[in-house]
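Notes for the structure review
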Amino acid sequence: MSQTTKIDVLITGVGGQGIILSSDIIAETAIASGYDVKKTDVHGMAQRGGAVTSHVRIAGTVASPLINEGNVDILLAFEKLEAARWAGYLRPGGIAIINNHSLPPLSVALGADRYPTDAEVINLLKQRIDEVYLVGGTGLALKLGDARTLNILMIGCVSAFTPFTDEAWKKAVSELVPPKVRDMNLTAFDRGKEEVHNARV
Amino acid sequence: MIKLLSGNEAFALGAYHAGVMVATAYPGTPSSEILENIAKFPEVYAEWSTNEKVAMEVALGASYAGVRAMASMKQVGLNVASDPFMAAATTGINGGLVVVCADDPGIHSSQCEQDNRHFAKLAKVPMLEPTDSQEAYDLMPLAFEISERFDTPTLVRSTTRISHSKSVVNVRYNRPATSPTVAFKRNPEKYVMLPTSARLRRPLIEERLVKLAEYSDVFMYNKIEWGDRSLGIVSSGIAYQYAREVFPTASFLKLGITYPLPVKMLREFAAGVKRVIVIEELDPFLEENICALGINATGKDFIPRIGELNSGIVAESCRHARLLPKAVPLPPIKSDVKLPARPPLLCAGCPHTAPFFVLSTIGKRSLNPKVKDSTPKESGLVITGDIGCYTLGAYPPWNVMDTTTCMGAGIGEALGMEKAGLDDGRKIVALIGDSTFIHSGITPLVDAVYNQGHFTLIILDNGTTAMTGHQPHPGTGVSAKGEPSQAVDIEKVVRAIGVQNVKVVNAFDLKEVRDAIRTAIDSNQLSVIITRGGCSVLLKKRTGQMAIDASKCNQCGVCLTIGCPAIQTAGDQPFIDASMCAGDACTVCQQICPHQAIAAITTDK
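This is a predicted model, so every value here is computed, not measured. (Residues numbered from 1 in each chain as written. Chains lettered and ligands numbered in written order. Predicted model: local features only at pLDDT ≥ 70, side-chain atom pairs only at ≥ 80, totals over all residues.)

Quick notes on the pairing of strand β16 (residues 427–433) of chain B
All names here are of chain B. The test is simple: Three classes are used. A residue is buried when 20 or more other C-beta atoms lie within 10 Å of its own, exposed when 12 or fewer do, and partly exposed in between, with C-beta atoms placed from the backbone. Only DSSP runs of H or I reaching four residues or more are called helices, and only runs of E reaching two or more are called strands; each is numbered from the N terminus. By the convention used here, strands pair only if DSSP detects at least 2 bridges between them. Looking down the strands as they point away from you, a crossover is right-handed if its path from the first strand over the helix to the second goes clockwise.
Counting buried positions along β16 yields seven of seven residues, so the element is predominantly enclosed. What you see with β16 is no split at all: Lys-427, Val-429, Leu-431 and Gly-433 on one side and Ile-428, Ala-430 and Ile-432 on the other are buried throughout. Note: strand β15 (residues 381–384) against β16, four bridges, orientation parallel. Its bridge partner lying in β16, Thr-384 is registered against Ala-430. Handedness of the crossover joining β15 and β16 through helix α16 (residues 409–419) is recorded here as right-handed. Here β16 pairs with strand β17 (residues 456–461) via five bridges, running parallel. By the bridge assignment for β17, Leu-431 is matched with Ile-458.

Rendered as structure tokens:
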């Protein structure tokens, strides 16, 4: 990622993937590290299954909670189609970290639409940025013993590109995940941070 | 103490620290979390009310009894509550009364986009608008003080982006240690709004408004921020943040009270800058009221009046109005790939699935991709719908909703269609959820009994207010505090109203649901079917997940037409994502498969 005095993170995915908790953790980590933060979640009217985005803005002072098109520094996508959809929000020099996982909308199963190929998704992103990371997050989370650790694993990936200490990250994770699954999530965080460096495409 | 709080969390904490004793609400996006957060404080009585009108009345009663009270609701909730709200504006209050209403610019989760700032002018009451969570917290104690000082309900207006954004809050107040004295002093001239006393109250309202306007001029959250004097921007709420980002060096008049306006401050500001513009979301509310003072201001001739703003839209609009230099756009992303949309869906294991599938097939609305010419045909049913998760039934593959207007409207509409003489062979069915039925479905059902309707009403009872986040309601027997309470029995209510044909069915039993719906619509009598089945999101343990045996499956595609998101396809072969499947709590796909290819996964454990 090229130099910037602010970090605008756009998290995208599907309702039920743990997106809102992950943006809370990013925001808490940034505050504890001395930054101003605003975050906002954009979701539709259903409990599950619809597209969800969360904006996290980190800087010396932040006015608007919403990130404008062409300004995203880090696109964190929990699902491939939801990465492609937001390519235009990236700024040149930004990065995209994508969970290598497809959740086809019902219209695809019904044969009315086609799910984009990996090459198509990556092509859309690479028109704007160079650094695209495709992480096998869902598979790794399952190996750790719980698919629900995906969001913390993806946060581990983000942590590799921020100025915050691992200590600050892990404190926020520990405070915001349920105590019963804390250790598993801390392992997921480490795994994500490691894995992202091998995931560039 | 520094905390990261959403606007709704900050409203709740601010009210708590202001000493609120009674808090009421009906859930509605984006306002629901206000009451959810207040309910956590043991010193505060908090309730989910039957609907917003009742919420307002309970809060008003508490205020009459001398304690600080608040009601919170979404923008259309204030329509429902407008009768007691307008009356409260006339009687005034005793203990401070604050009404928090959250507008939904951009219509993220509502049936309309309405600018509730007009309600302040209509009711002639003061209105406060925060620009972030800190102000949401800080303004609440002031809202109660203003209410008590001026004998008026105070309207605090939020929007989705204020309510659902988190920002840093300095939590600087404490709740008063002592509770107020509860006392109601009889005062018919103030509290009994017979015309004789309402007429006496009427001039007091106008006097109050004059005093409020004077107060607005000295209110600490109405503030001139001098900068570059060539441009002066008047703004409030979240629009202020967008405007600040776009014009970091301009002069600002930031309004915390947006009704009534600070007249002296506005004149001073206008005199101090070359040009005044107003940046506000939705209607030109501030602009029109400022122009009415004879101050030359513009805004809505270049800022959109439809939808949610952001700083990009504000910047682009201001470039168009030559207030900013042209920007060099980023090269657009070129692609021939059409990305499929992802509309919200019913969840796997949703209890609405079977009723919708049945209505879809009876109504000949189903769409099986494997069968040629399976596009929806002219339906045998007219289905008036309502507001909840089940409104998603309007989408494919079900297409089972022909109207959705406002809470409870579907039942009256069904009767209206019938009484209009709709006589083209189609049967009329109304659909409503349990929480919406209790909110405002009972009175139209009374109307249908009294006026001899002949349609079928299906109450989709999932035992919760699902769409807004599973709040309990009077039918659940659980209070807003999570404590057990008396449950209102929907079946008994329906029978007591006088409906003769009432049938309660298991929402997951396809045959039972089909038989009940068939019988009801063929009977040509007013019939109520209650389909009972718990919301799948609240399922504690999932067992007996289904799988498709590819050796028995002939890829007919029928299972795809129930619209379960766990049923997906790999090429032409459908399969079930076991991590999503609700298993033996549902089994609708197993019941529907014509080739018995779907069964629970057997494990050796």
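Quick look at the interface of chain A and chain B
A common way to report how large an interface is uses the accessible area buried once the components associate. Operational definition: With C-beta atoms placed from the backbone, a contact is any residue pair whose C-beta atoms sit within 7 Å.
With 47 residues of chain A at the interface, the matching set in chain B holds 44 residues. For the side of chain A that touches chain B, the secondary-structure elements that each account for two or more residues are α1 (19–32), β2 (36–43), α2 (80–84), α3 (106–109) and α4 (118–126) of chain A. The element contributing the most residues to the side of chain A that touches chain B is β2 of chain A, with six residues. Pairing analysis gives three bridges linking β2 of chain A to strand β8 (residues 165–170) of chain B, with the strands arranged antiparallel. Its bridge partner lying in β8 of chain B, Lys-38 of chain A is registered against Ser-167 of chain B.

Let's talk about the sheet that holds strand β13 (residues 276–279) of chain B
The strands that make up a sheet are held in pairs by hydrogen bonds between backbone atoms, and each pair lies either parallel or antiparallel. Residue and element names in this part refer to chain B. Selection criterion: Whenever a helix is involved, its axis is fitted only over the stretch in contact; in every case the axis is a line through C-alpha atoms, and angles between N-to-C directions fall within 0 to 180 degrees.
Here we have five strands laid out as an open sheet, ordered β9-β11-β10-β13-β14, and mixed in their pairing. In this open sheet, the two edge strands, each paired with only one partner strand, are β9 (223–225) and β14 (297–298). In terms of strand pairing, β9 meets strand β11 (residues 250–255) through three bridges, oriented antiparallel. Paired with Glu-225 across the two strands is Phe-252, which belongs to β11. Helix α11 (residues 237–246) rests against β10 (228–236), β11 and β13 of the sheet, and its axis sits at about 150° to β10.

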